[in-house]
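# Chains, contacts and geometry: an overview
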Amino acid sequence: MLEVKNLHVTVDGKQILKGLDLAVNKGEVHAIMGPNGSGKSTLAYVMAGKPGYEATEGQILLDGEDVLAMPPDERAAKGLFLAFQYPLEIPGVATMTFLRTALNAQRKKRGEAELSTPEFLKLVREAAGKLEIDTDMLRRGVNVGFSGGEKKRNEILQMALLQPRLCVLDETDSGLDIDALKIVSDGVNRLRSPDRAMVVITHYQRLLDHIVPDVVHVLSAGRIVKTGGKELALELEASGYAQFQGEAALAS
Amino acid sequence: MNAELRSVKTNAEQSLADAYQASKGKLPGDRKVVALREAAAARFEALGLPNRRIEEWKYTDLRALIGEAKPLAGVPDATAKARAKAAGKLIGDMDARRIVFVDGTFVPELSDLADLSPGLSIRSMAQALAAGDPLVDANLGKVVPAEREGVVELNTALMRDGAVIHIASGATVERPIHLVFAATGDKPASVFTRSLVVIEEGARVMLVESHDASAGHQVNTALELVVGDKAHVDHIKITGGPSDLVHVSSLMAVVGAHARFNGFAFNIGGGVVRNQTFVRLDGEGTLTGLRGASLLKGKQHVDSTLVIDHKASGCQSREVFATVLDDESRGVFQGKVVVRQHAQKTDARMMTRALLLSDEAEADNKPELEIFADDVQCGHGATSGALDEDLKFYLMARGIPEIEAEGLLVQAFVGEAIEGIEHAGLRDALMDEVVAWLRKRGS
């Protein structure tokens, strides 16, 4: 479903990703782990199409189609979703309005009919209930006055409503206490499906106790330096990233 | 001093002075009104049109912006009246009592004067001036700020009609009063309207003023508002019109003790628009909110200038203005808060924000505080900038196309000011106008 080939990315003229390769089949969950500064968030942003993240070489193929030339909204309509590490606050835009606009924009782009108000409300209430989000909160501005955990739950709510085919989760565990981590991971696990792929980006292994990956990659200095099964995460937890930083340094 | 330094009259100034001389015999009013007009006309002769040498007008040089003054509007014809039926629709389906003025003249057949609630009286300024109405006699010109300036003088000299509204002590007017000013004549003309609203102690009313125009008009409108002790008054002004409209408006209010005054100005049209607001807080413990939202495009020039004069202690004032600027438009905000020596415990805050959607647009923000008391809380802030690219990316990453994402952010931006309107129906109607404006921009 996802193929990243020889991806080189610069941000502010600085090269961050230096020939990254990654292939994720549908139904699979891949974890990308790596030390700070290895390029994890850059990978997430460049996939979603953030301005300023410039791919100088390589491809990101979603079902064989290169998304690099597409604006972010088009990528989203194709089924790509990024759960932000730092979800933004948008005062004055009610969460409900935001969710509905997003959902209908995607449906429109795919040639589907817009949802009626009752249909939409039903969907939101169900999805919010499962994530223990009070619907009163959804009348407020997007993420305004939300705690760190509430913001992350709101990301998963968006994911649940938009039903993407490829989910990229950027440090979804950061800023979560253990209860919130459980709610968020349960939310993610409910979305696991044979038709959907996930890329879970994380610094720590603890998230992967809850969202168990099929494949674990180690990202260091802009490249995947090791790939293994879920046991690789445990190994990293024990030994740290230092060994790979050395390898990456040698390689570059 | 300006008088001595003044250069020769511009064409516009000369034709305005001539227009006064030619028409003064026909303008309504008894001897007292004639004296008022004469004095005002003489001061206009001396002051001329406001220009950039006057600090309050340095961003809006009316003398330079008005090439020629249009002839005074005549009695409205059938076409102008027919067009006026469509005027004032920006308030949506809010139920309000429509009082209609076409080309500056009250039109009874388009106005709703039936079943006035107890304590409410409404009449035309022309009739009131002609009849020597005691309310007008007692109040007209009394709210005008001490510092004289050309446009208000010109208005006093040439005022022809407008609304005179009185709300008796303790009366609550449930149904909002909608003053519809339509400059809808075929020929470009100068229109001078003057209104007076006196709200007695403890009374409650919501006034909506909407201004529409057809091509080429020059409108000078003024409203004097006397807010009695413990009264509660909402005033909303909506200004639209074609891109060659010159619209100069002066709202002059005096607020009594423990009263509430909530003003809102919505600008969505016109070529050169100056909304000046002078509020004098005469009584203690008043709550005043002045808010506004302007949406500018093309070469529009919209100037919001406020002076809040805290003369009594314990008053609170809040100003929130949001301006969205596209194309080559120019937005001006000047806000001045004066706190007099005796106005202790004043709590005044002013915030103005400009959102620039184009590289060619210009926003000028000039907040000023003049504080003579020592136990006060005053603050002001001004920002101007482009749309937040990170927020836009967040919205787009959820599948929202760029133009819609910008639209949501613009709505959020002006929403903060619009939320200050207490009437939910009107709030929604204005928000719909914002959406329509954005849609036109996107198409």
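These numbers come from a predicted model, not from an experiment.

Calculation rules
Residues numbered from 1 in each chain as written. Chains lettered and ligands numbered in written order. Predicted model: local features only at pLDDT ≥ 70, side-chain atom pairs only at ≥ 80, totals over all residues. Heavy atoms only, no water. Helix = DSSP H or I, 4+ residues; strand = E, 2+ residues; numbered from the N terminus. Rg over C-alpha atoms; globule rule 2.2 N^0.38 Å. Buried < 20%, exposed > 50% of the residue type's maximum accessible area, 1.4 Å probe, protein only. Contact = heavy atoms within 4.5 Å. Areas by Shrake-Rupley, 256 points an atom, 1.4 Å probe, with all protein chains shown as cover. Buried area = accessible area lost by both parts, 1.4 Å probe. Salt bridge = Lys/Arg side-chain N within 4 Å of Asp/Glu carboxyl O. Disulfide = S-S within 2.5 Å. Pairing = 2+ DSSP bridges. Axes fitted to C-alpha atoms, helices over the stretch in contact; angles between N-to-C directions. Polar contact = N/O pair within 3.5 Å; in protein donor to acceptor, adjacent residues only side chain to side chain.

Assigned secondary structure in chain A consists of nine helices and 12 strands. A globule of 252 residues ought to have a C-alpha radius of gyration of about 18 Å, and chain A, at 18 Å, matches this closely. Projected onto its principal axes, the C-alpha positions of chain A cover 60 × 40 × 35 Å. Relative to its full complement of 252 residues, chain A shows a buried share of 54%. Contacts in chain A between residues far apart in sequence, at least 24 positions, make up 68% of those at least 6 positions apart. For chain A, the accessible surface area stands at approximately 10,600 Å², while carbon and sulfur atoms represent 49% of it.

What follows concerns the interface of chain A and chain B. Interface size is commonly expressed as the accessible surface area that is lost when the partners come together. Facing the 32 residues of chain A at the interface are 16 residues of chain B. When the two sides are added together, the surface that chain A and chain B hide from each other amounts to roughly 1,900 Å², 73% of it contributed by carbon and sulfur. Scanning the region where chain A abuts chain B turns up two salt bridges. Between Arg398 of chain B and Glu155 of chain A there is a salt bridge; the shortest N-O distance is 2.7 Å. Only α1 (40-48), α2 (72-77), β6 (80-83), β7 (90-94), α3 (95-109) and α5 (148-162) of chain A provide two or more residues apiece to the side of chain A that touches chain B.

Turning next to the state of the cysteines. Two cysteines whose sulfur atoms are joined by a covalent bond form what is called a disulfide. Residue and element names in this part refer to chain B. For the structure shown, the criterion picks out zero disulfides over all chains. Left without a disulfide partner, Cys315 is nearest to the cysteine sulfur of Cys378, which lies 12 Å away. Cys315 gets classed as buried once you look at its relative accessible area, which sits at 1%.

By the definition in use, this model includes 51 salt bridges over all chains. The salt bridge partner of Lys122 of chain A is Glu126 of chain A, with a shortest N-O separation of 3.6 Å. Residue Lys122 of chain A and its partner Glu126 of chain A are located together in helix α4 (residues 117-130), separated by four residues, close to a single helical turn. With its nearest N and O atoms 3.0 Å apart, the salt bridge here joins Lys9 of chain B to Glu45 of chain B. Taken as a pair, Lys9 of chain B in the loop between α1 (2-5) and α2 (11-23) and Glu45 of chain B in helix α3 (residues 31-47) lie far apart in primary sequence, 36 residues in all. Here the salt bridges do not stand alone but share partners, grouping Asp326, Glu389, Lys392, Glu402, Glu406 and Arg441 of chain B into one network.

Residue and element names in this part refer to chain A. Across the sheet, six strands lie side by side as β6-β9-β10-β3-β11-β12; this open sheet has mixed pairing. Only two strands of the sheet have a single partner each, and these edge strands are β6 and β12 (223-228). Neighbour-to-neighbour, the strand axes of the sheet open up by a mean angle of 20°, direction not taken into account.

Turning to the side chain of Thr352 of chain B, a few remarks are in order. Residue and element names in this part refer to chain B. Position of Thr352 among the secondary structure elements: in strand β17 (residues 347-356). Of the residues examined, Thr352 reaches a relative accessible area of 1% and is grouped as buried. Only 3.3 Å separates the side chain of Thr352 from the side chain of Asn365, close enough to count as a polar contact. When near neighbours in sequence (up to four residues on either side) are disregarded, Thr352 contacts Phe321, Phe333, Asn365, Gly381, Ala382 and Thr383.

Once that is clear, we can look at the sheet that holds strand β16 (residues 330-339) of chain B. Residue and element names in this part refer to chain B. Strands sit in the order β3-β4-β6-β8-β10-β12-β14-β16-β18 across an open sheet of nine strands; the sheet is mixed. At either margin of the open sheet sits one strand with a lone partner, and together these are β3 (120-124) and β18 (362-371). Averaged over all pairs of adjacent strands, the angle between strand axes in this sheet comes to 5°, irrespective of strand direction. Sheet topology note: the β16/β18 ladder contains 10 bridges and is parallel. Note that in β18 the partner of Val332 across the bridge is Asp364. The strands touched by helix α8 (residues 150-158) are β6 (190-199), β8 (218-227), β10 (246-255) and β12 (272-281); relative to β6, the strand with the most contacts, the crossing angle is about 90°.

This part covers the side chain of His217 of chain A. Residue and element names in this part refer to chain A. In this structure, His217 sits in strand β11 (residues 215-220). We classify His217 as buried; its relative accessible area is 5%. Among the polar contacts made by the side chain of His217, one reaches the side chain of His30 at a distance of 2.8 Å. Contacts of His217, omitting those with residues within four sequence positions, involve Leu22, His30, Ala31, Ile32, Met33, Ile224, Lys226 and Thr227.

All names here are of chain B. The buried fraction of strand β7 (residues 204-213) is high, at eight of 10 residues. Direction of pairing for strand β5 (residues 177-183) relative to β7: parallel, over a ladder of seven bridges. Directly across from Ile177, in β7, lies its bridge partner Leu207. Of the strand pairs in this sheet, β7 and strand β9 (residues 232-239) are connected by eight bridges, and their pairing is parallel. Along β9, the bridge assignment pairs Ser210 with Ile238.

Okay, the pairing of β5 of chain B next. Successive residues of a regular strand alternate their side chains across the two faces of the sheet. Residue and element names in this part refer to chain B. In terms of residue burial, β5 counts as a mostly covered element, since seven of its seven residues are buried. The alternating pattern of β5 places Ile177, Leu179, Phe181 and Ala183 on one face and His178, Val180 and Ala182 on the opposite face, and all of these are buried. Taken together, the six bridges between strand β1 (residues 97-102) and β5 define a ladder with parallel strand orientation. Note that in β5 the partner of Val102 across the bridge is Ala182.

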